[in-house]
Amino acid sequence: MTLWPAGPLNRALLTAAIAVVLGTGGYFVYEGLIVNDLACAPGVAQRGPQDECVGVTDGGYVFATSLKQVTARIKAENDSVAGKSPATIALMIPMISDTQAEQQEYVEQVQGAYLAQYRANHQANGKQPPIRLVLANPGRGYKEWRTVADQLARAAADKKENLRAVAGINISITETEEAVRYLTKDKGIPVVAGPMTADDIKNTAADPHRYPGLARIAPGNTDQADALASYGSDTMPAETLVVEDIREGDNYLASLRQTFEKLAKGAPNAPETFRSPPDFNDEGNLANDFHQMVPDICSSSAKTIYFAGRPVQLRLFLVELSNRNRNCNKPYTVISGSHASTLTVDEKFADQWGALTKGAGITLRYPGLAHPDAWGDRSTTPTGGSKAALKELSDLVQKLGTKEPDSIGPANLSDGRVIITYDAVSTAIAGIRNDAVGSVKMPSLSEVADSWLRLHGNNRVDGASGWICLDQYGNPYNKTVSIVHLDPTTKTAVFDGIAWPAGRAPDPNCSIPN
């Protein structure tokens, strides 16, 4: 039986018809499987206006080239504990940024998380359970936090995954507040925040169950201000001025404004204000605003300026202040929040360190969340921190923080982000393992959350950043604050000294007053 008439013309028509069918089919395959396939990897998919790959990975997917080395180590460590009933901790921070400085911060935080995992699995005398670490990218500005939070909730309910805590949460904005509330209150997942300092994302005596299961290890903005006040007790209010960003929707800015206005109480002039763009990494036209603002600052009696703003705006302000300082020739001390540490890795500030030396000079001082010199060899403070804990981390960085292929890449402790994230994950590990006793091999989510209530006194966490003594609301009591300033000669953050929110170091038992 002949299905197609013979002859050269008919054979040509048949060939053309087959080509059309295959071409059309190939087009639909391309459209359906490639163009419309949003998957980047298992657990990771493209979302948002920039088609960013967001989601959760065990290290099998690399979110950014700069994270390649440390992600490979996480994957290898996770593979090594597979089949050993590990407990999973998720590091939830953005993994991709358009700015070099912010991307470097993310690398340091992932490095800190891995170092905590490595220590737990290799240098903790075989304590159980083993620790598995996953990376959870909620996208730029945490815009896709809900999708990722739901993934983490499914992992918490999965007996193979055994997600027991979320760590990280590195900025204080509306999206992170919503994410913390959803994870803790709606999904019952314990959270250990890292470098999150806003005063309004925490449990309090007035609202003790606002975020059930939230633990914070970094001193909040009010605690930082109290520490600054005790450190700079000779500052005269009549010589102070507040410069503040009035942009809404940023919890860090809101609490910093309130904090600095309190410190500058009695200042002769009202705060100088500006409004940054919605994306705080956007410079906008603020250099023009600061150019107009600085002459009034120069003609005022202010010598100490409290700057309530993010690092990009701080950089622009310092440059404009230094340009005017040639004529004004007045020494300034500019005090900002802990996020000022970003300037040390900001490539746009790399050529602007000289701004601090013009005229009579500018000293930029801020409360660091951690600094390697705070509890280094020369430390003489008897309580509130541990030389041994810092040395253990420093030794790990020396061993694993190199350019070698099997390392995590060059790691630097000076800006404190490796340290504070290492401590956040270490605190989560302590909470998990403190409940894995007797017949309990894997504590429940509620048991881990309740373990925060016991992390004080002799059960405190001897963090590399200082003692972590949690009060009944999951907040660090009298956590040490490292006061630092930027040195234009070494182009680093130089340690000035330790200050305490309570005005004094804790007692040897880290007792929390009633």
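Just so you know, these numbers come straight off a predicted model, no measurement behind them.

### Let's talk about the layout of surface pockets
Here is step 1 of the chain: In this structure, the largest pocket spans a volume of roughly 600 Å³.
Here is step 2 of the chain: Considering the residues around the largest pocket, the lining is formed by 28 residues, among which Arg140, Gly141, Lys143, Pro278 and Asp279 are closest to the centre.
Here is step 3 of the chain: Elements supplying a minimum of two residues to the lining of the largest pocket: strand 3 (52-57) and helix 3 (100-122).
Here is step 4 of the chain: Among the residues making up the lining of the largest pocket, the classes are represented as nine nonpolar, eight polar and eleven charged.
Here is step 5 of the chain: Volume-wise, the second largest pocket comes out at about 500 Å³.
Here is step 6 of the chain: Forming the walls of the second largest pocket are 22 residues, and the residues nearest its centre are Arg119, Ser426, Ala430, Val461 and Asp462.
Here is step 7 of the chain: Looking at the lining of the second largest pocket, the elements with two or more residues in it are helix 3, helix 10 (387-400), helix 11 (417-434) and strand 14 (461-463).
Here is step 8 of the chain: Among the residues making up the lining of the second largest pocket, the classes are represented as nine nonpolar, six polar and seven charged.

### Comments concerning helix 3
Here is step 1 of the chain: Between the first and last C-alpha of helix 3 there are 33 Å, a value that for 23 residues agrees with the 33 Å anticipated at 1.5 Å per step.
Here is step 2 of the chain: In terms of burial, helix 3 is largely enclosed, as 18 of its 23 residues are buried.

### Description of the state of the cysteines
Here is step 1 of the chain: Taken as a whole and judged by the stated rule, the model has three disulfides.
Here is step 2 of the chain: A sulfur-sulfur separation of 1.8 Å characterises the disulfide bridge that pairs Cys469 with Cys510. Its S-S torsion of approximately 125° makes the covalent link between Cys469 and Cys510 right-handed. With Cys469 in the loop between strand 15 (466-468) and strand 16 (481-487) and Cys510 in the segment after strand 17 (492-499), the pair connects residues that are 41 residues apart, well separated along the chain. For the pair Cys469 and Cys510, one class covers both residues: buried.
Here is step 3 of the chain: Within the protein, bonded cysteines paired by disulfides and numbered along the sequence follow the pattern 1-2, 3-4, 5-6.

### Some words on the confidence of the model for the protein
Here is step 1 of the chain: On average, residues of the protein carry a pLDDT of 91, and 92% of them reach 70 or more.
Here is step 2 of the chain: Low confidence marks residues 1-6, where pLDDT is under 50. Its contacts with residues over four positions away, or in another chain, come to five contacts.
Here is step 3 of the chain: Contacts from residues 17-36, a stretch scored under 50 in pLDDT, to residues over four places away or in other chains number five contacts.

### What about the side chain of Ser97?
Here is step 1 of the chain: Mapped onto the elements, Ser97 comes out in the loop between strand 4 (87-92) and helix 3.
Here is step 2 of the chain: Judged by its relative accessible area of 12%, Ser97 is buried.
Here is step 3 of the chain: Within the structure, the side chain of Ser97 is placed 3.1 Å from the backbone nitrogen of Thr99, a separation counted as a polar contact.
Here is step 4 of the chain: If we skip the residues at most four places from it in the chain, Ser97 touches Glu102, Gln103, Tyr106 and Arg140.

### Details of the packing of helix 6 (residues 221-231) against helix 7 (residues 251-263)
Here is step 1 of the chain: At a minimum axis separation of 9 Å, helix 6 and helix 7 run at an interaxial angle of 30°. The angle between helix 6 and helix 7 places the two elements in the roughly parallel class. In this structure, the crossing between helix 6 and helix 7 has a hand that is right-handed. When helix 6 is examined against helix 7, the residues Asn221, Thr222, Ala225 and Ala229 are found in contact with a partner set consisting of Tyr252, Ser255, Leu256, Thr259 and Leu263.
Here is step 2 of the chain: Looking at the contact of helix 6 with helix 7 residue by residue, the class counts come to five nonpolar, four polar and no charged.

### Quick word on empty space enclosed by the protein
Here is step 1 of the chain: Applying the stated criterion across every chain yields a total of three cavities of 30 Å³ or more.
Here is step 2 of the chain: Counted as a void, the largest cavity has a volume near 150 Å³.
Here is step 3 of the chain: The element that contributes the greatest number of residues to the lining of the largest cavity is helix 3, accounting for four residues.
Here is step 4 of the chain: When its residues are assigned to classes, the lining of the largest cavity shows seven nonpolar, six polar and four charged.
Here is step 5 of the chain: Along its surface, the second largest cavity is lined by 14 residues, and Ser341, Gly368, Leu369, Ala370 and Asp415 are the ones closest to its centre.
Here is step 6 of the chain: Contributing elements (two or more residues each) for the lining of the second largest cavity: strand 13 (362-368) and helix 11.

### Looking at unusual backbone geometry
What is expected of a backbone is that most residues other than glycine have negative phi and most peptide bonds are trans.
Here is step 1 of the chain: Of note, the amide linkage connecting Gln128 to Pro129 takes the cis form, showing an omega dihedral of -5°.
Here is step 2 of the chain: Tracing the backbone shows Pro129 in the loop between helix 3 and strand 5 (131-137).
Here is step 3 of the chain: At Asn329, a position not held by glycine, the phi torsion is positive, near 50°.
Here is step 4 of the chain: Within the secondary structure, Asn329 sits in the loop between helix 9 (311-328) and strand 12 (332-335).
Here is step 5 of the chain: The exposure class of Asn329 is partly exposed, given its relative accessible area of 49%.
Here is step 6 of the chain: The phi dihedral of Lys491 is positive, around 55°, even though this residue is not glycine.

Thresholds applied
- Residues numbered from 1 in each chain as written.
- Predicted model: local features only at pLDDT ≥ 70, side-chain atom pairs only at ≥ 80, totals over all residues.
- Heavy atoms only, no water.
- 1 Å grid on protein atoms, 1.4 Å probe; cavity = no way out; pocket = protein on both sides within 12 Å on 5 of 7 lines; lining within 4 Å.
- Points joined across faces, edges and corners; volume = space filled by probe spheres on them.
- Helix = DSSP H or I, 4+ residues; strand = E, 2+ residues; numbered from the N terminus.
- Nonpolar A, V, L, I, M, F, W, Y, C, P; charged D, E, K, R; others polar.
- Expected span 1.5 Å × (residues − 1).
- Buried < 20%, exposed > 50% of the residue type's maximum accessible area, 1.4 Å probe, protein only.
- Disulfide = S-S within 2.5 Å.
- pLDDT = per-residue confidence, 0-100.
- Contact = heavy atoms within 4.5 Å.
- Polar contact = N/O pair within 3.5 Å; in protein donor to acceptor, adjacent residues only side chain to side chain.
- Axes fitted to C-alpha atoms, helices over the stretch in contact; angles between N-to-C directions.
- Parallel < 35°, antiparallel > 145°, perpendicular 65-115°, else oblique.
- Left-handed = near helix turned anticlockwise from the far one by under 90°.

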